[in-house]
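Here are the chains, one letter per residue:
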Amino acid sequence: MVDYHAANNQASAGGPNQYMEQENDWDRDLLLDPAWEKQQRKTFTAWCNSHLRKAGTQIENIEEDFRDGLKLMLLLEVISGERLPKPERGKMRVHKINNVNKALDFIASKGVKLVSIGAEEIVDGNAKMTLGMIWTIILRFAIQDISVEETSAKEGLLLWCQRKTAPYKNVNVQNFHISWKDGLAFNALIHRHRPDLIDYDSLRKDDPVTNLNNAFEVAEKHLDIPKMLDAEDIVNTARPDEKAIMTYVSSFYHAFSGAQKAETAANRICKVLAVNQENEQMMEDYEKLASDLLEWIRRTIPWLQDRTQEKTVNDMQAKQEDFRDYRRVHKPPKVQEKCQLEISFNTLQTKLRLSNRPAFMPSEGRMVSDINTAWHNLEGAEKGYEEWMLSEIRRLERLEHLAEKFHQKAAIHESWTDGKEAMLTQKDYETSTLSEVKALLRKHEAFESDLAAHQDRVEQIAAIAQELNELDYYDAASVNTRCQKICDQWDNLGALTHSRKESLERTEKQLESIDELYLEYAKRAAPFNNWMEGAMEDLQDMFIVHNIDEIQGLITAHEQFKETLPEANKEREAIQSIQAEVQKIAQSNGIKLSGGNPYTSITPESIDNKWEKAMAMVPQRDKALQEELNKQNSNDSLRATFATQANAVGAYIQAKMEEIGRISIEMNGTLEDQLTHLREYQQSIMSYMPEINKLEADHQHIQEALIFDNKYTSYTMEHLRVGWEQLLTTIARTMNEVENQILTRDAKGISQEQLYEYRASFNHFDKNHSGALNHEEFKACLISLGYDVENDKQGDSEFNRIMGMVDPNGTGSVTFQGFINFMSTETTDTDTADQVMASFKILAGDKNYITAEELRRELPPDQAEYCIARMAPYAGPDAAPGALDYMSFSTALYGESDL
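The rules behind the values
What you see as residue numbers is a count from 1 along each chain, following the sequence as written. The model is predicted, so local features are restricted to residues of pLDDT at least 70 and side-chain atom pairs to those at 80 or more, both for listing and for counting; the totals for chains, interfaces and linings are taken over all residues. In computing side-chain properties, one takes all heavy atoms of the structure into account and sets aside hydrogens as well as water. UniProt positions are given in the numbering used here, feature names are shortened, and annotations may be inferred rather than shown by experiment. Numbering goes from the N terminus for both helices and strands, where a helix is a DSSP run of H or I of at least four residues and a strand is a run of E of at least two. Relative accessible area decides the class of each residue, using a 1.4 Å probe on protein chains only: under 20% of the type maximum gives buried, over 50% gives exposed, and in between gives partly exposed. Side-chain atoms alone can form a polar contact between residues adjacent in sequence; in general such a contact is a pair of N or O atoms within 3.5 Å, and within protein one must be able to donate a hydrogen while the other accepts it. Joining through side-chain atoms within 4.5 Å is the link that ties buried Ala, Val, Leu, Ile, Met, Phe, Trp, Tyr and Cys residues into a set, and such a set is a nonpolar core. Throughout, a contact is declared for two residues whenever any of their heavy atoms are within 4.5 Å. Here the axes come from fitting lines to C-alpha atoms, over the contacting stretch only for helices, and the angles between their N-to-C directions go from 0 to 180 degrees. Put simply, angles under 35 degrees are roughly parallel, angles over 145 are roughly antiparallel, angles from 65 to 115 are roughly perpendicular, and the rest are oblique. Left-handed describes a crossing whose near helix is turned anticlockwise from the far helix through less than a right angle; right-handed describes the clockwise counterpart. Only Asp, Glu, Lys and Arg are considered charged in this grouping, and only Ala, Val, Leu, Ile, Met, Phe, Trp, Tyr, Cys and Pro are considered nonpolar; every other residue, Gly among them, is considered polar. Here, a salt bridge means any Lys or Arg side-chain nitrogen found within 4 Å of an Asp or Glu carboxyl oxygen.

If you check an unreviewed UniProt entry, the chain appears there as Actinin alpha 4 from Kryptolebias marmoratus. Under the UniProt heading Sequence similarities (unreviewed entry), the entry covering the chain gives this text: "Belongs to the alpha-actinin family."

> Could you give me a rundown of the UniProt feature "coiled-coil region" (unreviewed entry) in the chain, with the residues and numbers involved?
Look at the UniProt record and you will see "coiled-coil region" (unreviewed entry) annotated at residues 437-471. Taken as a whole, residues 437-471 contains 94% helix and 0% strand, while its terminal C-alpha atoms sit 50 Å from one another.

> Run through the environment of Thr811, naming residues and quoting values.
Assignment of secondary structure puts Thr811 in the loop between α28 (793-806) and β4 (813-815). Under the relative-accessibility criterion, Thr811 is labelled exposed at 56%. Counting along the chain gives 37 residues from Thr811 to Asn774, while the straight-line C-alpha distance between them is 9.5 Å. Within the structure, the side chain of Thr811 is placed 3.3 Å from the backbone oxygen of Ser813, a separation counted as a polar contact.

> Any details on the nonpolar core? Residues and values, ideally.
Membership of the largest hydrophobic core comes to 77 residues, with the highest contact counts inside it found for Ile137, Trp180 and Phe186. Of all the elements, helix α7 (residues 127-143) adds the most residues to this core, at 11 residues. Beyond its immediate chain neighbours, meaning those up to four positions away, Trp180 contacts Cys161, Val173, Asn175, Ala185, Phe186, Leu189, Leu212, Ile234, Ile245 and Val249. If you look at the next biggest cluster of nonpolar residues, it comprises 47 residues, including Leu678, Val806, Phe816 and Met823.

> Residues and numbers for the packing of helix α2 (residues 34-52) against α7, please.
The geometry of a pair of packed helices is captured by two quantities: the angle between their axes and the separation between those axes. For the pair α2 and α7, interaxial distance at closest approach is 11 Å and the crossing angle is 50°. Taken together, the axis directions place α2 and α7 in an arrangement best described as oblique. Viewed along their axes, α2 and α7 form a crossing whose handedness is left-handed. Only Ala127, Leu131, Ile134, Trp135, Ile137, Ile138 and Ala142 of α7 make contact with α2, whose side of the interface consists of Glu37, Gln40, Arg41, Phe44, Trp47 and Cys48. Its residues placed into classes, the contact of α2 with α7 shows 10 nonpolar, one polar and two charged.

> Quick one: what's the story with the pattern of salt bridges, residue by residue and with numbers?
This structure, assessed with the given rule, holds 49 salt bridges. Across the salt bridge formed by Asp622 and Lys562, the nearest N and O atoms sit 3.4 Å from each other. Of this pair, Asp622 sits in helix α22 (residues 604-666) while Lys562 is found in helix α20 (residues 548-563), placing the two residues 60 residues apart along the sequence. Connected through salt bridges with shared partners, the residues Arg327, Lys331, Glu382, Glu386, Glu696, Glu718 and Arg721 form a single ionic network.

Here is the structure:
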């Protein structure tokens, strides 16, 4: 007998030259179910007659009409198309046995192993053996060669039925018996291929007899498929005979096989064209997005490189606010566009590789590397611009302080020099007495001491003016003019002082004495007065500090100054006591003083007035220093607040970067689970955005307070911004890698288990968990997979070939996406130019060209017009009017020539 299951396995494993054996259920010792035997008799008889009528004959009784072997041999010649040995025409039993043996030998020659079927049983009219033999012939010549998507014979026929009837309601083909009882499956097969013959929606599942008769009658009338079964036989049987149903259904398959080929060819072309159209749209979208982003960067960088200086701190702070607006409003959408651009480029390249298309090369200057370079230049310009603005604010703040200090010192000096030139040029000594001349000389000596004391102030004024010029102060011209006037006046005072001293010394010999008390008063009053003026100047001096330590230093210095006040007051009282002594001596001796102290213009009243003013300035200075201390304490609080938030955000970003690194390497679960997990992970990251915004607000308070350092943290806002953007970009790239793996899996038919094996192999050799393999790691991985890439000439050549596939840009490393692309290319099949060309040839009816009419008939409208617009006219000798060259078009689809 024929073992059907063994034969099916042989055919699947051994190729087209090995065929099924008879099914082992044809056991000599068992009896067929009467209902099944009846169905088989009808079906097999109708099937044999559908072929015998081609030779002008038929059978009536299947076990009787094949007994002499003549019609059996004729049946085999018709269905095989081959000639059998000449039959013997004798009527004797031996002649009949010889003829049947010739038929059985022919069946065996076709690769079918016959078990328990002998010529004697057939000649004797054994119904069971005769039906088994006919089933063997049906399996070999009607069912064995059916092939649907790498399945053949029974499984192939079942898969074909399932595919064709899948869209129809109430039809669920799972076998060749119960699934066909209600007749809907037969009607669905006919309607799928010839919808004009069947009104499927009018059929009812609860009326199987009507359904079956309708299908059998339509098939016999319009499809030339003879009626092989009666509807009542099927309906009244609990389980219809599987072989009868398979035989009947195989007739439908062969009737529709021509239409199936055309449909397969059209589907292949539609698939290829759809991929091409989608890829072209993605290329156009990439080019536009890249152009827009590069144009925005080109317009933005000159603005960031502008170093036009402003005159005041307020003007620079307005620029700083514009820059913050750029950072908050204008740049974030561009960061998203850049990320989307990289994702679109990677997705497009993956789709092109999966569909055997050449890699996409963007227009010159629009490569991802070009965009990354431009973006790097933009960020460099941002950093330089921000640093320049902070430096400019410091410079302008310093300039305003210096300018105020310059004008204050200049005003004090000009007030002091007022009238000094007139005093030095007067000739009062010519009419004075000796004592008066001596007094004038002493007074002049006191003036020289005062003049020397003011030398420091003049030098300070000149130094401040020089610093204002070096810092490029906008009103440096007026400062220089005032400074030059002071210096010229100072030089003139020095010359006049020297001239007057020489005049007084010439007359000194004529003058005798001078009041020692006046002299002592003058000598002590002048430096004390100068000290008071210096103290008052210091008490009014403006200050600028940046931290608590600096203000504490000023407070300490002020406290030290206050500690010197008791000693200074003693000196003031001592000076006043000298003047009191003068008055006492004058009164005691009846001396009438003519005017004030001849040696100095500093009166006791002026000393007391300045002392009172200085004492009034001390609490004012205390208040100003305390206010500044409070301000610095507030600034320090701002620093601490920012540092606390920055340290938390920095640690969060670092932890999440490490975590996403582990996730990208480990990747547990299915790809869809991984993608869902990554999206949830991305949402959890984005939920942290309020903390980033809060940190930005704290940073704005820091900058508004002009705070430039922070000892509580090593993080800067710039570092955290970059870290945050890198975290978001890393998550997006990891999600894109998983999406590309899904595309690869679905396009290449890779199972989840294979992806796990690929990931396990990749991670095993990725020793440093970097997410990429270097040359040596990848070579070790290939060797473990059985590739001959050892260190010899042939192995190096093979390794370089593979590296050219997985690392076309020569980066020196292999990503996991490149690894699975390589493995899927090595283990799966894809559409080729030859396959597409063969599909077009089917649509063209085996011609070497195709017409626009044929394309519009066989393909959807948009894809038909796509082909017509791109196909060149056919120039062969057999060309007809309007002929199109589908061969060169098929080659161009795969990049082997230009479209």
